[in-house]
Amino acid sequence: MAITVQNFIKLANFYNQMTMVMSAICVQKGGIAMENYVGRFCLADVLEYVYEYGRRLMDANKNAVPADVANVIKKFGEQYARVKDLVTPSQKPIYEMTLEEFERVMNI
């Protein structure tokens, strides 16, 4: 996948939709707090990926990134800083792994 603004927007929309679904799940399960929901780890991994994609987009095409998209990337960076202790630990960040490395780590 080429690193483009359009792809970042798709990933950001996916993350936002996932956040809404997880919130609805928490309500459906009796109003448990998002901080207590086991899916928060998955959401943190997705946020890590989306933020890193945006960061790389900014590094590669700083002048081509619209200001509103740059603000979203900054906001995701701030959110990621708050939850980075929840991401899946590994020797290498998931966004740098090859498919084979990812499968090996996940025991697939």
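Shown above is the structure to which this text applies.
Only a predicted model underlies this, so the values are computations on that prediction, with no experimental measurement involved. (Residues numbered from 1 in each chain as written. Predicted model: local features only at pLDDT ≥ 70, side-chain atom pairs only at ≥ 80, totals over all residues. Heavy atoms only, no water.)

Caption draft 1: Molecular detail of the environment of G77. Structurally, G77 can be placed in helix α3 (residues 67-83). Distance in space between the C-alpha atoms of G77 and F41 is 17 Å, their sequence separation being 36 residues. (Helix = DSSP H or I, 4+ residues; strand = E, 2+ residues; numbered from the N terminus.)

Caption draft 2: Representation of the pattern of salt bridges within the structure. Enumeration according to the criterion identifies four salt bridges in this entry. E52 serves as the salt-bridge partner of R55, at 2.5 Å between the closest nitrogen and oxygen. Here R55 pairs with E52, and both are found in helix α2 (residues 40-60), just three residues apart, close to one helical turn. Under the relative-accessibility criterion, R55 is labelled partly exposed at 32%. Connected via shared salt-bridge partners are E52, R55, R56, D59 and E96. (Salt bridge = Lys/Arg side-chain N within 4 Å of Asp/Glu carboxyl O. Buried < 20%, exposed > 50% of the residue type's maximum accessible area, 1.4 Å probe, protein only.)

Caption draft 3: Molecular detail of the packing of α2 against α3. Between α2 and α3, the shortest axis-to-axis distance is 9 Å and the interhelical angle comes to 140°. On the basis of their axis angle, the class for α2 and α3 is oblique. Read as a crossing pair, α2 and α3 show a hand that is left-handed. Taking contact as the criterion, the partners of A44, L47, E48, V50, Y51, G54, R55, L57 and M58 in α2 are, on α3, A70, I73, F76, G77, Q79, Y80 and V83. In the contact of α2 with α3, the residues fall into 11 nonpolar, three polar and two charged. (Axes fitted to C-alpha atoms, helices over the stretch in contact; angles between N-to-C directions. Parallel < 35°, antiparallel > 145°, perpendicular 65-115°, else oblique. Left-handed = near helix turned anticlockwise from the far one by under 90°. Contact = heavy atoms within 4.5 Å. Nonpolar A, V, L, I, M, F, W, Y, C, P; charged D, E, K, R; others polar.)

Caption draft 4: A look at the side chain of E48. Along the polypeptide, E48 turns up in helix α2. For the buried residue E48, which engages in no salt bridge, the nearest side chain bearing the opposite charge is K84, 9.3 Å off. Leaving out residues up to four positions away in the same chain, E48 has contacts with Y80, V87, P93, I94 and Y95. (Lys, Arg positive; Asp, Glu negative; His and termini not counted.)

Caption draft 5: Looking closely at the nonpolar core. With 24 residues, the main nonpolar core has F8, Y15, V50, V65 and F76 as its most contacted residues. Excluding its chain neighbours within four sequence positions, the residues that come into contact with Y15 are L43, V46, L47, V50, F76 and Q79. (Core = buried A, V, L, I, M, F, W, Y, C linked by side-chain atoms within 4.5 Å.)

Caption draft 6: Spatial organisation of the packing of aromatic side chains. What the rule picks out here adds up to three aromatic pairs. Ring plane angle 25° and centroid distance 5.8 Å describe the contact between Y51 and Y80, whose orientation is recorded as stacked. Of this pair, Y51 sits in helix α2 while Y80 sits in helix α3, and the two are 29 residues apart along the sequence. Its relative accessible area of 23% is what places Y51 among the partly exposed residues. An aromatic cluster is built from F8, Y15 and F76, whose rings are joined through pairwise contacts. (Phe/Tyr/Trp six-rings, centres within 6.5 Å; stacked < 30°, edge-to-face > 60°.)

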